[in-house]
Each structure stands twice: as C-alpha cells, then as structure tokens.
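Single-letter residue listing:
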Amino acid sequence: MIAREAVLNDPRVVELLKSNFVCLGVDNAANPNTTVAEARFIADKGGRASTEGMTVFTAGGKLLGRGGGFQADPNLRMLKSALEKYDPESEKDLVVEDFPVTEADRKKIQQPPEGGLVLDVTWKLLETNLLEGNSTSGGTTYVDCFADSLGVDHLWIRQDEADAIAAGAIPESVRRRISRWHLDFILPGKTEQLDLTLDGGRITGTRSNAEGDRAELLGFVNTKNGEVTRFDLVVKGMATQVSDCGFSAGLTVVKKGEKVPVALSFRLSDPNSDLRCVMPAKVRAHDYLQ
C-alpha cells in the first residue's frame, strides 16, 4: 500500500515508467497462482519476497535492478541505474523452452469451486480518531491513506455449501471458514462463538471472543431456481492494530492498545468480473475448503 501511494503516484517515477518500461504486476514465487516454471522464472526477479518493491529485467530475462523499498527516491535511483545497465546490442531472446508451462501445471492452480460461490470480502475502519503511524506504515506520512483504505479479500464456498445456503441453512464449514480466515484476522482475539441464523432470507448473528468482545452480524440471501442470487453479510465489531506491512489496510495504523470500530462486508461476487478469480489470501492452507 505504501509503495502504491508513495512510489506509483510520484510523477517522476510515473514518467520514467511510461517512457522506458513495460509494467506488470508480479507476486512472489510462493504465490499459489503460478506454475512451477513461472515461479522459477521470477525467482531472481523479486520473486522471493512479497515486499521486494520493484524489479527491472529485460525481455530476455536478464535482471537489471531490484529493490527500492516503499519510497519514491530509492526506486527512482534503482530505475535509472537499471536503464544505464541496459544494452540492447547484447540482449538475447528469452529461451521459452527453458521455462515450459504445461497444461497439467496450469490445472494444478486452484480455481473457485465448480458450482460454488465466490464472495468479495472488504473491511474498513468506521472511526479514524485513534490512529498512529508506525514502522510498517511508513511513519506518519501515510496515516490518512491507510485510514481511508479498503481491505480486500475473497471467500470461496463449495457447491454443497451453496446448495445448503439456497435451502435456508448456513453450514458449519462456512461459519468456520468465515471465522478462521476472516473474522479472526480483522477482529481481535480468536472466535469463541459464532451464532448465525438464516431465516426467511435474513441472516442475523453475533461473534464473540474469549475477552468478551462482541460483533454483530446482519445479512440477506436471495435465491432463484434453487441457486443463490444474493449473499450480503455485514459484520460490525472492534478492531486492534495489525502490523503486516499494510496487508490489513486501515488496521495497520490503529493506535497500539486501542480498539476502534470496523465493518466487514461479504458480498456475492460478480460472475462476470475477472477479479472474482483472485484467490483468497489463505487459500494455500491445505484445509481451506474443509
């Protein structure tokens, strides 16, 4: 988040990128949506860490620069240094055969469950009067940026679970997935009890932890011909600081030791949106869909 705000909004960096580079987003090599060959190709190009910043490599795969961190000036220096190293006369074509991507490899990449549901998960701070900068938020400079940011993730639901929801019940496995992979990362403490009731298309419930913190849940489900056409669930609770280099959005700048109100939203994803195919953050857990 800091890199996007500080680096990619800097006009000097933007102009340099526009005039000299082809830009693409590359995640770390451990990301489960890459094949073995793709992971091997990017391993020395920033593919060993998710906070690498920027890397520069030629069309032939030669690494020219790496790093830069979260601020504009170091990235600017890295980009200029990479340009100085670039020698088109000595450039070699990429040997594609060295990195074979097979159909079998692609099939190993996890996809949303066939016949199931994909939910867009977002969260946002509801109050911003108890915030502070810290080492993972770039100090005090970007506190307002974090405070207004929207956290984003996805939740996958199996076909049998979707069928159960359409029939008027929320399976225990869905409740567990919501608690374990979402509520427990956004709300303080581990979920001790999650009560959810689906009655007449209306979801109501509460979530509580061992410390006595309580969150309220309210939502709606619509169905047509036995299929879920609407799933909206909103959770309102209290949040505490999470130090994870901005991956938890506004929770990064919650003042240490304080609790602030936060809201989470689970909404049925647009089936025509490419973004629905973005994997849930915790999908690499072997028991994610259990």
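Predicted model, so just to flag it, every value in this text is computed and none were measured. (Residues numbered from 1 in each chain as written. Predicted model: local features only at pLDDT ≥ 70, side-chain atom pairs only at ≥ 80, totals over all residues. Heavy atoms only, no water.)

So, the overall build of the protein chain: which residues are in play, and what are the values?
When helices and strands are tallied, the protein chain shows eight helices and nine strands. Counting only C-alpha atoms, the protein chain reaches 70 × 50 × 30 Å along its principal axes. In the protein chain, which comprises 290 residues, the share counted as buried stands at 40%. Look at the contacts in the protein chain between residues 6 or more apart in sequence, and 59% of them connect residues 24 or more apart. A distance of 2 Å separates the average location of the 35 positive side-chain charges in the protein chain from that of its 42 negative side-chain charges. (Helix = DSSP H or I, 4+ residues; strand = E, 2+ residues; numbered from the N terminus. Buried < 20%, exposed > 50% of the residue type's maximum accessible area, 1.4 Å probe, protein only. Contact = heavy atoms within 4.5 Å. Lys, Arg positive; Asp, Glu negative; His and termini not counted. Charge placed at Lys NZ, Arg CZ, Asp CG, Glu CD.)

So what about the pairing of strand β4 (residues 151-157)? Which residues, and what values?
Among the seven residues in β4, six count as buried, and that is most of the element. Of the strand pairs in this sheet, strand β3 (residues 117-125) and β4 are connected by seven bridges, and their pairing is antiparallel. Bridge pairing in β4 links leucine 119 to leucine 155. (Pairing = 2+ DSSP bridges.)

Describe the sheet that holds strand β8 (residues 227-239), listing the residues and the values that go with them.
One open sheet accounts for seven strands, arranged β4-β3-β9-β8-β7-β6-β5; its pairing is antiparallel. The open sheet terminates on both sides in strands that have one partner only, identified here as β4 and β5 (191-199). Strand-to-strand, the axes of this sheet are offset by a mean angle of 15°, without reference to chain direction. Against the sheet, helix α7 (residues 159-166) makes contact with β3, β4, β5, β7 (214-224) and β8, and its axis sits at roughly 90° relative to β8, the strand it touches most. (Axes fitted to C-alpha atoms, helices over the stretch in contact; angles between N-to-C directions.)

Could you give me a rundown of the side chain of arginine 276, with the residues and numbers involved?
Position of arginine 276 relative to the elements: it lies in the segment after β9 (260-268). It is aspartate 270 that comes nearest to the buried, bridge-free arginine 276 among opposite-charge side chains, at 6.8 Å. Residues in contact with arginine 276, not counting those within four places in the same chain, are Pro112, Val118, His154, Trp156, Ser269, Asp270 and Pro271. (Salt bridge = Lys/Arg side-chain N within 4 Å of Asp/Glu carboxyl O.)

Provide a residue-level description of the packing of aromatic side chains, including the pertinent values.
For any pair of aromatic rings, the description consists of the separation of the ring centres together with the inter-plane angle of the planes. Within the structure shown, the criterion is met by four aromatic pairs. Between phenylalanine 41 and phenylalanine 99, the aromatic rings sit 5.2 Å apart at their centres with planes inclined by 80°, giving edge-to-face as the arrangement. You can see phenylalanine 41 sitting in helix α3 (residues 36-42) and its partner phenylalanine 99 sitting in the loop between α4 (72-85) and α5 (103-108), a full 58 residues away along the chain. The exposure class of phenylalanine 41 is buried, given its relative accessible area of 18%. Judged by centre distance (6.5 Å) and plane angle (80°), the rings of tryptophan 156 and tyrosine 288 are edge-to-face. (Phe/Tyr/Trp six-rings, centres within 6.5 Å; stacked < 30°, edge-to-face > 60°.)

Please set out the packing of helix α2 (residues 11-20) against α4 residue by residue, giving values where relevant.
The geometry of α2 relative to α4 is characterised by a closest axis approach of 10 Å and an angle of 25° between their N-to-C directions. As judged from the angle between their axes, α2 and α4 are roughly parallel. Of the two possible hands of crossing, α2 and α4 adopt the one that is left-handed. Contacts from Arg12, Val13, Leu16, Leu17 and Asn20 of α2 reach α4 at Ala72, Asp73, Leu76, Leu79, Lys80 and Leu83. When the residues that make up the contact of α2 with α4 are grouped by side-chain class, the tally is seven nonpolar, one polar and three charged. (Parallel < 35°, antiparallel > 145°, perpendicular 65-115°, else oblique. Left-handed = near helix turned anticlockwise from the far one by under 90°. Nonpolar A, V, L, I, M, F, W, Y, C, P; charged D, E, K, R; others polar.)

Can you explain the side chain of histidine 154? Please cite residues and give values.
Mapped onto the elements of the fold, histidine 154 is located in strand β4. On the basis of relative accessibility, which here comes to 5%, the residue histidine 154 falls in the buried class. Only 3.1 Å separates the side chain of histidine 154 from the side chain of aspartate 120, close enough to count as a polar contact. Polar side-chain contacts of histidine 154 include one of 3.3 Å to the backbone oxygen of leucine 275. (Polar contact = N/O pair within 3.5 Å; in protein donor to acceptor, adjacent residues only side chain to side chain.)

Describe the pattern of salt bridges, listing the residues and the values that go with them.
On inspection of all chains with the given rule, the structure shows 13 salt bridges. Measuring nitrogen to oxygen at the nearest pair gives 3.0 Å for the salt bridge that ties arginine 207 to aspartate 184. On the criterion of sequence distance, the pair formed by arginine 207 in strand β6 (residues 202-209) and aspartate 184 in helix α8 (residues 172-186) is long-range, its members being 23 residues apart. The buried category is assigned to arginine 207, whose relative accessible area is 2%. For glutamate 216, the salt bridge identified is with arginine 214, shortest N-O distance 2.9 Å.

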